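So you can see what is in the structure, the chains are spelled out below.
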Amino acid sequence: AYALADVTAVYTAPGETDALDVRFNAVGSHNVGYSSAGCAAAEPDPFPWASSVSARGQLTGQVCFDIDPADVDGLTLYARGTPDAAPVFFATGA
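Residues numbered from 1 in each chain as written. Predicted model: local features only at pLDDT ≥ 70, side-chain atom pairs only at ≥ 80, totals over all residues. Heavy atoms only, no water.

> Teacher, can you tell me more about the environment of Gly33 here?
Looking at where Gly33 falls in the secondary structure, it is placed in strand β4 (residues 33-35). Judged by relative accessible area, Gly33 falls into the exposed class, the value being 56%. A sequence separation of 44 residues divides Gly33 from Leu77, and the C-alpha atoms of the two residues are 9.9 Å apart. Once residues lying within four places of it in the same chain are set aside, the contact partners of Gly33 are Ala26 and Val27. (Helix = DSSP H or I, 4+ residues; strand = E, 2+ residues; numbered from the N terminus. Buried < 20%, exposed > 50% of the residue type's maximum accessible area, 1.4 Å probe, protein only. Contact = heavy atoms within 4.5 Å.)

> Just checking my understanding: could you explain unusual backbone geometry for this structure?
Leaving glycine out, the prevailing phi sign among residues is negative, and the prevailing peptide bond configuration is trans. Positive phi outside glycine occurs at Asn31, with the angle close to 60 degrees. Checked against the element boundaries, Asn31 lands in the loop between β3 (23-27) and β4. At Arg56, a residue that is not glycine, the phi angle is positive and equals roughly 65 degrees. Tracing the chain through its elements places Arg56 in the loop between β5 (52-54) and β6 (58-66).

> Any chance you could explain the environment of Ala40 here in plain terms?
Residue position: Ala40 is located in the loop between β4 and β5. When the C-alpha positions of Ala40 and Phe65 are compared, they lie 8.2 Å apart, and in sequence the two are 25 residues distant.

> I tried to follow the state of the cysteines on my own but got confused; where do I start?
Simply put, disulfide is the name for a covalent bond between the sulfur atoms of two cysteines. Throughout the structure, instances matching the rule amount to one disulfide. Cys39 shares a disulfide with Cys64; S-S distance 1.8 Å. Separated by 25 residues along the polypeptide, Cys39 in the loop between β4 and β5 and Cys64 in strand β6 bring together distant segments of the chain. The class for Cys64 is buried, based on a relative accessible area of 0%. (Disulfide = S-S within 2.5 Å.)

What follows is the structure, given as structure tokens:
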């Protein structure tokens, strides 16, 4: 099974950054982690990974997760700007 998430990332720091610095992951209700990298399904409106964004700019698109069917109703999405940054968690709805 797979899940698509509509996401918008807003860059709040000064200057400009590359969207590739954002990583989206999910955790299922059974404490299984999922990465948006390498999803087998194609997103109809993919997140623009290769775009740069300026201060207060935003990028919007979909990210995909290959998931266990048991986790469909209980995913928590989180994003991380850099590997050492604290993750930001989001609840998801069906």
